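# Per-entry structural report
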Amino acid sequence: MGSAGRQRIFAAILLGALAFCGAKRASAGQPEFARMSDARQATRLSGQAAGKDAAGKTVIDETGRRVTVPADVKRIVTLSPDQTETIYALGLGEQLAGDTDDCDMPPAAKEKPHVGGEINPSLEAILGLHPDLVLATVSINRRETVDALRHLGIAVYTSDPHTVRGTLEAIARVAEVAGAGTRGTDLVARLQARLDALHVMLADSPLVHVLFVVQEDPLISIGQNTFIADALRWAGGESVILTDQNWPRLGLEEVVRLQPDYILLAGAHLKAEGVGETDFRSRSGWKDLRAVERGHVAVISEGVDRPSPALIDAIEEIAHVLHPEAFKDKSENGKVKTENGLRLHATVPMPEELSPCAR
Amino acid sequence: MRPLTPRRIIAICGLLCAVLFGVIVIALRMGAYPISLPDIVMTLFRGAIGRKDEIPSEFWLVIFGLRLPRIALGILVGAALSVAGTGFQALLRNPLADPYVLGVSSGAALGAIISLTFAPHLLGVIQLAAFIGAAATIAVVYFLGRRGGQLDSATLLLAGIVAASFLSAIIMFLLTTLSGRDLRGMAFWLMGDLAAPPPTEHVFIWFESLFIVFLISAGAIYTTASDLNLILTGEQEARHLGVNVNRVKLVVYVAASVLTGLAVSVSGAIGYVGLLVPHAMRMLFGTDYRLLIPTSAIGGAIVIVLADTLARTVVAPTELPVGAMTALAGAPVFIYLMRRRVR
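What counts as what
Residues numbered from 1 in each chain as written. Chains lettered and ligands numbered in written order. Predicted model: local features only at pLDDT ≥ 70, side-chain atom pairs only at ≥ 80, totals over all residues. Helix = DSSP H or I, 4+ residues; strand = E, 2+ residues; numbered from the N terminus. Buried ≥ 20, exposed ≤ 12 C-beta atoms within 10 Å, placed from the backbone. Contact = placed C-beta atoms within 7 Å. Rg over C-alpha atoms; globule rule 2.2 N^0.38 Å. Pairing = 2+ DSSP bridges. Axes fitted to C-alpha atoms, helices over the stretch in contact; angles between N-to-C directions. Core = buried A, V, L, I, M, F, W, Y, C linked by C-beta atoms within 7 Å. Domains from an automatic or database assignment. Nonpolar A, V, L, I, M, F, W, Y, C, P; charged D, E, K, R; others polar. Parallel < 35°, antiparallel > 145°, perpendicular 65-115°, else oblique. Left-handed = near helix turned anticlockwise from the far one by under 90°. Expected span 1.5 Å × (residues − 1).

## With respect to the overall build of chain A
What chain A contains, in helices and strands, is 17 helices and 10 strands. Counting over 359 residues, chain A shows a buried share of 43%. In chain A, the proportion of contacts linking residues at least 24 apart, taken out of those at least 6 apart, comes to 58%.

## As for the overall build of chain B
Each helix and strand in chain B was counted, giving 14 helices and two strands. Compactness check: chain B gives a C-alpha radius of gyration of 20 Å against a globular reference of 20 Å for 343 residues, within 12% of the reference. With the C-alpha coordinates aligned to their principal axes, the bounding extent of chain B is approximately 65 × 55 × 40 Å. Burial statistics for chain B: of 343 residues in total, 52% are counted as buried. Partitioning the contacts of chain B with sequence separation of at least 6, the portion at a separation of at least 24 is 74%.

## As for the sheet that holds strand S4 (residues 96-98) of chain A
All names here are of chain A. Spatially, the four strands line up as an open sheet ordered S4-S3-S5-S6, and their pairing is parallel. Of all the strands in the sheet, just S4 and strand S6 (156-159) have a single pairing partner and so form its edges. Here the strands of the sheet are splayed against their neighbours by 35° on average, with no regard to which way each runs. Packed on one face of the sheet, helix H5 (residues 81-89) meets strand S3 (76-78), S4, strand S5 (133-137) and S6 and runs near 140° to S3. Docked against the sheet, helix H9 (residues 164-177) engages S5 and S6, running at close to 170° with respect to S6.

## What to know about the nonpolar core
In this structure, A:Val134, A:Ala231, A:Ile315, A:Ile318, B:Ala80 and B:Leu259 are the most contacted members of the largest nonpolar core, which totals 199 residues. Broken down by element, this core gets its largest block of residues, 21 residues, from helix H3 (residues 57-92) of chain B. Formed jointly, this core draws a minimum of three residues from each of two domains, domain 1 (40-189) and domain 2 (206-322) of chain A. Not counting residues within four places of it along the chain, the set of residues in contact with A:Ile315 comprises A:Val164, A:Leu198, A:Ala231, A:Trp234 and A:Ala235.

## So, the domain arrangement of chain A
Residue and element names in this part refer to chain A. What the domain assignment lists for chain A is domain 1 (40-189) and domain 2 (206-322). Every contact between the two is made by 16 residues of domain 1 and, on the other side, 13 residues of domain 2. Secondary-structure elements contributing two or more residues to the side of domain 1 that touches domain 2 are H5 and H9. Along the lines of polarity and charge, the residues of the side of domain 1 that touches domain 2 split into eight nonpolar, six polar and two charged.

## Re the environment of A:Ile171
Residues and elements named next belong to chain A. If you trace the backbone, isoleucine 171 turns up in helix H9. Note on isoleucine 171: 30 C-beta atoms within 10 Å, which makes it buried. Separated by 18 residues in sequence, isoleucine 171 and glycine 153 have C-alpha atoms that sit 24 Å apart. Not counting residues up to four positions away in its chain, the partners in contact with isoleucine 171 are Thr86, Gly184, Leu187, Val188 and Pro309.

## Here we look at the pairing of strand S1 (residues 57-60) of chain A
Residues and elements named next belong to chain A. Taken together, the four bridges between S1 and strand S2 (residues 66-69) define a ladder with antiparallel strand orientation. Following the sheet pairing, threonine 58 is matched in S2 by threonine 68. Linking two consecutive strands that pair antiparallel, namely S1 and S2, is a turn of five residues; a positive phi of about 85° is found at glycine 64 within it.

## Points about the packing of H9(A) against helix H10 (residues 181-201) of chain A
Residue and element names in this part refer to chain A. Running from N to C, H9 and H10 point in directions that differ by 165°, and their axes come no closer than 7 Å. By the angle between their directions, the pair H9 and H10 is classed as roughly antiparallel. Relative to H10, H9 is oriented so that their crossing is right-handed. Across from Leu168, Ile171, Ala172, Ala175 and Glu176 in H9, the residues of H10 making contact are Gly181, Arg183, Gly184, Thr185, Leu187, Val188, Leu191 and Gln192. Looking at the contact of H9 with H10, its residues break down into seven nonpolar, four polar and two charged.

## Concerning helix H2 (residues 37-48) of chain B
Two residues of an α-helix separated by three or four positions point the same way, owing to the 3.6 residues in each turn. All names here are of chain B. With 12 residues, H2 should reach 16 Å at 1.5 Å per residue; the first-to-last C-alpha distance of 16 Å fits that figure. Burial analysis of H2 places 10 of its 12 residues in the buried class, which makes it a mostly covered element. Those residues of H2 lying buried are Pro38, Asp39, Ile40, Val41, Met42, Thr43, Leu44, Phe45, Arg46 and Gly47. Backbone geometry just downstream of H2 places glycine 50 in the positive-phi region, at approximately 75°.

## Structural notes on the sheet that holds strand S9 (residues 262-266) of chain A
Residue and element names in this part refer to chain A. Taken in spatial order, the four strands of this open sheet run S8-S7-S9-S10, and their pairing is parallel. Sheet topology places strand S8 (237-239) and strand S10 (297-300) at the edges, where each strand pairs with a single neighbour. Each neighbouring strand pair of the sheet contributes to a mean axis angle of 35°, computed without reference to strand direction. Relative to S9, strand S7 (residues 208-213) runs parallel, the two being bridged by four bridges. The residue of S9 that forms the bridge with phenylalanine 212 is leucine 264. Of the strands in this sheet, S7 and S8 touch helix H11 (residues 227-234), which is tilted by about 150° from S8. Packing against the sheet, helix H16 (residues 310-322) makes contact with S7, S8, S9 and S10, and its axis sits at approximately 160° to S10.

## Things to note about unusual backbone geometry
Residues and elements named next belong to chain A. Positive phi, close to 50°, is recorded for histidine 130, a residue that is not glycine. Locating histidine 130 in the fold gives a position in the loop between helix H7 (123-128) and S5. Among the residues examined, histidine 130 registers 20 C-beta atoms within 10 Å and is labelled buried. Positioned with a positive phi, glutamine 259 is a non-glycine residue whose angle comes to about 45°. Here glutamine 259 shows up in the loop between helix H12 (252-258) and S9.

## Quick word on the environment of A:His162
Residue and element names in this part refer to chain A. Relative to the helices and strands, histidine 162 is located in the loop between S6 and H9. Between the C-alpha atom of histidine 162 and that of arginine 306, which follows or precedes it by 144 residues, the distance is 11 Å. Histidine 162 has contacts with Asn225, Thr226 and Phe227, leaving out every residue within four places of it along the chain.

## Some remarks on H10(A)
Compared with an ideal rise of 1.5 Å per residue, which puts 21 residues at 30 Å, H10(A) spans 30 Å between its outermost C-alpha atoms and is within 8% of the ideal. Turning to H10(A), its buried residues are A:Gly184, A:Leu187, A:Val188, A:Leu191, A:Leu195, A:Leu198, A:His199, A:Val200 and A:Met201.

In structure tokens, the structure reads:
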């Protein structure tokens, strides 16, 4: 007996009432199952087969949850823009069955079926896409969503990168889970090589003290434990906010006290709206900041907000903004500089944080 | 007004149940996953006769895993909040009284937030913490609301409002110092959210225990219905007629608070329902508590199930918090009823 029996009773009561209202329709119900589209049937069957084969693999995700996915992942649903970008960067765009309203990169991601917003997706819509694998990110999605999906028996793999290196590792792991391990290793190696090159170029450049603005009103910046703070370090900068809180809310007074060398904002929409130096010059409070007076305000692509392969693009972009001199050198005498750098690179011991993961 | 006979109570409740049933059918039918009505009937039928394996697994998940639990939760929460609101309004003889105003919802929310901050990984802790938060708030407000050994309606209401804003301030403080992820989850929860399925494998046992708590508390309030009718005419008069006013107040206050803690612990802080539904029912069916309590329960269930169905369909596939929907859809209906009555 137990809950199954009660379940039946509950269903029976509802059914009785339903039947009372639509007795005619009930009789038409039988063939409806058969009318289920072939594609859906096939997916269902393949899903069942994978379960029985034990061909699936079990991995532990970055939140410590055990996830079992079929050996051959065919349908992926991503719940965060960074995972969507990662999937495309791995060349798995074909396997992406759906993503969220917030997934806008690459443009093809916008054409995929959406399951709702990243914070409040529809569980039914996700279920309706018949995914073998759902990808989520701790810093973006809600725990409740992940728990609910797991409760429904859907494989959810969650990433939780807090550093640039962690992001690369997360990409490699996602690639592994999605059955594209080799492509993942290649991708991560390429990204790491770009980071190494950047490291070499910036070797002589002084650290720039940066105020990174996540949100302007209310003013929200980044804590030291976020991957954005780490991205700034790779780009030759340092966040002026020293806190363990991930997304600290600041007063303008604090910014005045800290007097950052540079103010960075992220987002394509800001670029489109023309937010930037001139705009900040007319804002009361802001306009008297030294950084604003010197025109040290820049809007960069929103890739920096996302722990995906685009993060490396954003790091390079920030490096160009913060250290234009380092890159001027390169364009004049690139070859020599790089070789110099490589030699330099070999002799200077890399800090733990900077040691590449894909070697 | 016609005299209130048991027959009339049953007739009106039956009518409301029919409406509730209609709303349940709509709620079962609507959703991001397309299932036709015959398929729903077949799924229910096969589930009822225990032939689960003949149902396509996704139909089973959508109907039994997502929609039915959500409907059941909506019924429970709506009924609990409405009965609690009815109780508080009778108790305080103040039309503004509801779990939200009295600080009980805020207390429960604070309990939940504290548990999320310090023990986010433990199952079911949120429910327990919300319940403790509600109970503690009740105790404090009840203590503050006494004047000269008597429960004073105005003082109690004031104490509730002060407690509510004090607790909200603490909640804001905690939310500002929490990390981003928790903040977003909690923001949803504070608006009221039915989206997450019950956090346990034993869904039906879980629902059963919730419904039993609901029935006991609502039943306790119902036993005082006749006394509440007398108190409505004035406490002194009720005393003269032999009503133990303090005992009635205690029963109603505790039971209504238990109902609030129950609702908040499973769905977050859904506002408006406890205020709106009892008034609407009063306007429709009169002020007799013997009729008002059951109609409020069913009416609350109707409102929440309907609001939740709208919440998950109007901007589908994205879902709105149900609390936003109750306020958005409820306020105009309420104003209409109020205006009609004035005329």
